[in-house]
Amino acid sequence: MKYYLLFFSFLICLLVQAHPPAQNNSLNIQFNTNQVLEEKNSTMVLDSMVYQKEALEEKSVKSKTSLERERSESASFSKKQVVSKSFTQLKKSASSQPQSRSIESSMQEALDQKVMELQADSTAEFEYNLFYYMAGNYDVERAPFLQKAAELSPNNSDVLIQSMANSIIIGDTTDAKKYLMKLKAEEQISEEGLSYAADVLLSSADYNTLITYGFLDTYCVLYEQIVNKNSNQIPVISLDFLQSQHYRTALTKLGYAIPEQREVNVAFLESFCAANQDKNLALSLTIPSPYFVPLQSNLVPFGLIFEVQLAKDLPSLKTLQTQEDLWRTMNKKNITKFKSPLSNNLSSNYLPMLFYLESEYDLNIVKYAKVDTKSYIQEIGLKSGKSAIINKKH
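None of the values given here were measured: they were computed from a predicted structure.

Reading the values: the criteria
Residues numbered from 1 in each chain as written. Predicted model: local features only at pLDDT ≥ 70, side-chain atom pairs only at ≥ 80, totals over all residues. Heavy atoms only, no water. Helix = DSSP H or I, 4+ residues; strand = E, 2+ residues; numbered from the N terminus. Contact = heavy atoms within 4.5 Å. Areas by Shrake-Rupley, 256 points an atom, 1.4 Å probe, with all protein chains shown as cover. Expected span 1.5 Å × (residues − 1). Buried < 20%, exposed > 50% of the residue type's maximum accessible area, 1.4 Å probe, protein only. Pairing = 2+ DSSP bridges. Axes fitted to C-alpha atoms, helices over the stretch in contact; angles between N-to-C directions. Parallel < 35°, antiparallel > 145°, perpendicular 65-115°, else oblique. Nonpolar A, V, L, I, M, F, W, Y, C, P; charged D, E, K, R; others polar. Right-handed = clockwise from strand over helix to strand, strands pointing away. Polar contact = N/O pair within 3.5 Å; in protein donor to acceptor, adjacent residues only side chain to side chain.

Chemist: Which parts of the structure should I look at to understand the overall build of the protein?
Modeler: The number of helices and strands found in the protein is 18 helices and 5 strands. Contacts in the protein between residues at least 24 apart in sequence constitute 67% of all its contacts with a sequence separation of at least 6. Only carbon and sulfur atoms are counted for the fraction: they give 51% of the accessible area of the protein, which is about 19,900 Å².

Chemist: Is there a simple way to explain helix α16 (residues 351–363) in this structure?
Modeler: Helical geometry note: an α-helix holds 3.6 residues per turn, so side chains three or four residues apart project in the same direction. Taking 1.5 Å as the rise per residue, α16 with 13 residues should run 18 Å; its terminal C-alpha atoms sit 18 Å apart, in good agreement. Burial within α16 is extensive, with 11 of its 13 residues counted as buried. Looking only at α16, the buried set comprises Leu-351, Pro-352, Met-353, Leu-354, Phe-355, Tyr-356, Leu-357, Glu-358, Ser-359, Glu-360 and Tyr-361.

Chemist: Just to check I follow, could you spell out the pairing of strand β5 (residues 305–308) for this structure?
Modeler: Consecutive side chains of a regular strand alternate in pointing toward one face of the sheet and then the other. Burial of the side chains of β5 extends over both faces: Ile-305 and Glu-307 are buried on one face and Phe-306 and Val-308 on the other. In terms of strand pairing, strand β3 (residues 281–284) meets β5 through 3 bridges, oriented antiparallel. The residue of β5 that forms the bridge with Ala-282 is Glu-307. Linking two consecutive strands that pair antiparallel, namely strand β4 (residues 299–302) and β5, is a turn of 2 residues; a positive phi of about 60° is found at Gly-303 within it.

Chemist: Please explain the packing of helix α9 (residues 191–203) against helix α10 (residues 215–226) as it appears in this structure.
Modeler: Working note: a packed helix pair is described by the angle between its axes plus the distance between those axes. As a packed pair, α9 and α10 sit with axes 8 Å apart at the nearest point and diverge in direction by 75°. Between α9 and α10, the angle falls in the class roughly perpendicular. In this structure, α9 contributes Gly-193, Leu-194, Ala-197, Ala-198, Val-200 and Leu-201 to the contact, and α10 contributes Leu-216, Cys-220, Val-221, Tyr-223, Glu-224 and Gln-225. In terms of residue class, the contact of α9 with α10 is built from 9 nonpolar, 2 polar and 1 charged.

Chemist: I'm lost on the pairing of strand β1 (residues 209–212) in this one. Help?
Modeler: The two faces of β1 match: Thr-209 and Ile-211 on one face and Leu-210 and Thr-212 on the other face are all buried. In this sheet, β3 lies alongside β1 in parallel orientation, the contact comprising 3 bridges. Looking at β3, one finds that Thr-209 is bridged to Leu-281. Crossover connection from β1 via α10 to parallel strand β2 (residues 236–238): handedness right-handed.

Chemist: What is the right way to look at the sheet that holds β3 in this model?
Modeler: As a general point, the strands of a sheet are linked pairwise by backbone hydrogen bonds and lie either parallel or antiparallel. Pairing is mixed in the open sheet, where 5 strands are placed in the order β2-β1-β3-β5-β4. Bordering the open sheet on either side are β2 and β4, each of which pairs with just one other strand. Geometrically, the sheet is characterised by an average inter-axis angle of 30° between neighbouring strands, direction not taken into account. Each of β1, β2, β3 and β5 is contacted by helix α12 (residues 266–275), which is oriented at about 155° to β3, the strand it contacts most.

Chemist: What is the right way to read the side chain of Asp-240 from this model?
Modeler: By the element assignment, Asp-240 lies in the loop between β2 and α11 (245–253). For Asp-240, a relative accessible area of 9% puts it in the buried group. Looking at Asp-240, its side chain comes within polar contact range of the side chain of Gln-243, at 2.8 Å. Beyond its immediate stretch of four places on either side in the chain, Asp-240 contacts Arg-101, Tyr-138 and Tyr-213.

Encoded structure:
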């Protein structure tokens with residue numbers, strides 16, 4: 001633990017969080033309010049001017065009616081877009097809170113209000129069904145509404161993300177695999193994320209439970225386990241999914257002690273770790289840093305996880321040798337191969353392990369370090385744009 005305390009103060013600035021990404025493909029519906037059906041030209045031989053006048057008047061009335069209908073539909077489409085955008089922004093804001101996975105009551109009321117507005121719009125059937133499910137925060141009782149949305153737009157990214165979550169929550173890994181593969185095909189699950197997840201699973205191989213946070217870590221780790229058949233089938237608990245009562249009940253049946261508080265926040269994780277000391281927990285480094293603050297004196301970095309050591313009489317499972325062996329085994333592609341903004345950010349999460357090794361080498365005056373920590377730290381600093389923060393450590 002003493003090694004971790006040496007650099008915990010600036011992990012706040014270094015660790016990348018596992019927030020769900022903004023869904024650019026969400027509600028990818030094109031509303032063409034200017035489309036007018038062309039009328040076929042016809043030649044009519046009229047026997048009287050009176051009939052011709054009546055025909056013209058009738059056509060004029062029909063044209064006005066058609067125009068009014070188009071204007072009404074245009075207004076409806078515009079309102080639907082405004083309400084949908086507002087709901088999406090509220091949901092994104094709620095999901096981006098650094099200290100809580102749960103939605104504040106005022107924000108929940110705002111989400112419910114948007115759903116009610118969509119329910120009253122006959123043109124918003126898809127949006128209403130999808131958003132009603134999403135506003136329930138993984139309430140499995142609302143799954144039929146999600147299924148209806150899937151029927152209307154089966155490849156919508158939000159539909160796929162929510163359907164995968166619902167499948168995991170109810171324990172249906174067959175459907176979960178289907179949705180994970182679709183998300184990969186839609187490029188919602190990236191190669192960078194999967195390479196990172198593979199290293200997370202290597203890091204957690206000797207533990208009994210892996211705690212994840214949001215879309216990035218949870219979905220990529222589950223893809224590795226369910227689709228890629230990763231050898232480490234460690235139970236994964238998502239803090240995000242813990243908003244679901246069904247998920248909590250299922251975990252209780254598996255022997256986990258779940259805190260009674262409804263809000264999934266920093267205090268919830270601290271209570272969960274204290275109540276499940278026998279589960280040999282591993283915390284994904286993609287969990288936001290504020291969650292680690294109450295636990296900082298009980299955390300040991302190992303690869304891309306923190307080992308939780310609440311029992312004072314138990315030594316860490318990891319030695320310098322095991323840390324070095326893990327470093328050689330990990331693919332580290334987000335440091336050495338990928339050049340994307342995502343990989344640049346993810347590379348920061350390898351720093352705790354490198355700082356741990358560096359501290360060990362300095363403490364034990366190791367002459368021949370097996371890991372060139374300084375070179376890797378410098379490379380990550382350049383990739384992530386955090387060299388200035390890293391240099392303060394040195």
